[in-house]
Amino acid sequence: MIAIISDIHANLEALQTVLSHIDGLGIHPIYCLGDVVGYGPRPNECVDLVQQRCQFTLMGNHDFAAIGKADIAYFNRYAQEAILWTINRLTPERKAFLESLPFTRVEEPVLYAHSTPINPEEWNYILSEREALYYLDRVSQRVIFIGHSHIPVVFSEKEQPFYQEEPFRLDLENNRYVINVGSVGQPRDGDPRACLVLFDPDQATVQYVRLHYNVEKTAQEILDAKLPAFLALRLKSGH
Ligand code: ZN
């Protein structure tokens, strides 16, 4: 069994809750699909935990921006303000770790990416079945796990897009999938609980897990850090 996490966004409370849950289930390894930092108040601690605990971590657009490589002109003003704050607080050692992150990883028949499997550094979003199929047609893998939109959803060739908390089985012989694992530290599907995915590659089963964490604590840390108050509010609403 593999635990897949993404879009932690320097939310230490959410990350610790997710890691304790994974440990409680005795699950390893843990894969991280990126955006360890950005928006949230505890970037250094989150980088350390991810570096210690995840078998691999991929590059997210906020990680890329935090090492000065992404053009933040296309970020909204809250994201811009937060990334400038983050750049000033990340230590050189943490930046060096973020510098080392790859954009994609393949473990047949699965491809892992933060944004898209092709031209990942363009940071495009996969938000529809049509876009999911565009990418599935351009890679040889039958399953692509992604993050980036913070919205947990399963796109496939033969089914309607869906999200459910009950476990489900992938039909790897007849279908192909793009699975967004949702966000640990800033969910945007209207549910403020931290989101992660448990994936069993042997049984081809997938399960979304949602976990309550101390949202109030992270929200207060955002205010204390003088990050935009909107970033605290959105954690409480899950939008
Ligand atoms: Zn993100």
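Above this text you will find the structure in question.
Our subject in this report is the structure included herewith. Only a predicted model underlies this, so the values are computations on that prediction, with no experimental measurement involved. (Residues numbered from 1 in each chain as written. Predicted model: local features only at pLDDT ≥ 70, side-chain atom pairs only at ≥ 80, totals over all residues. Heavy atoms only, no water.)

1. Comments concerning the coordination of the zinc ion
Applied cut-off: Counted as donors are N, O and S atoms no farther than 2.8 Å from the metal, or 3.2 Å for Na, K and Ca; water is not among the atoms, and sites may therefore look incomplete. Irregular is the default label, applied whenever a site is not tetrahedral (four donors, all angles between 85 and 135 degrees) and neither square planar nor octahedral (four or six donors, opposite donors over 155 degrees apart, all other angles between 65 and 115). By the criteria applied, helices consist of DSSP H or I runs no shorter than four residues and strands consist of E runs no shorter than two, each listed in order from the N terminus. When a residue's accessible area, from a 1.4 Å probe over protein chains only, is under 20% of the maximum for its type it is buried; when over 50% it is exposed; and in between it is partly exposed.
Taken together, Asp 7 (OD), His 9 (NE2), Asp 35 (OD) and His 150 (NE2) make up the full set of protein donors to the zinc ion, lying 2.0 to 2.3 Å away. In this structure, the zinc ion is coordinated by four donor atoms arranged in irregular fashion, with angles at the metal of 85 to 179°. Counting residues between consecutive donors of the zinc ion along the chain gives the motif D-x1-H-x25-D-x114-H. Here the residue Asp 7 occupies a position in the loop between β1 (2–5) and α1 (12–25), and Asp 35 occupies one in the loop between β2 (30–32) and α2 (43–53), the gap between them amounting to 28 residues. Residues Asp 7 and Asp 35 agree in their burial class; the two are buried.

2. Some points on helix α6 (residues 129–136)
Two residues of an α-helix separated by three or four positions point the same way, owing to the 3.6 residues in each turn. Quick reminder of the rule: This arc describes the spread of directions from the helix axis toward the C-beta atoms. In this analysis, two residues are considered to be in contact whenever any of their non-hydrogen atoms come within 4.5 Å of each other.
Those residues of α6 that sit buried are Ala 132, Tyr 135 and Leu 136. The buried side chains of α6 occupy one side of the element, clustering within an arc of 100° when seen end-on. Structurally, α6 contributes buried residues whose contacts are with β6 (143–146), β7 (153–156) and β9 (177–180).

3. Section: the side chain of Ser 149
Definition in use: The definition of a polar contact used here is a pair of N or O atoms within 3.5 Å, where within protein one atom must be able to donate a hydrogen and the other to accept one, and adjacent residues in sequence count solely through side-chain atom pairs.
Within the secondary structure, Ser 149 is located in the loop between β6 and β7. By relative accessible area, Ser 149 is classed as buried at 9%. From its side chain, Ser 149 meets the backbone nitrogen of Ile 151 in a polar contact 3.2 Å long. What Ser 149 contacts, discounting residues up to four positions off in sequence, is Tyr 125, Leu 127, Asn 180 and Arg 188.

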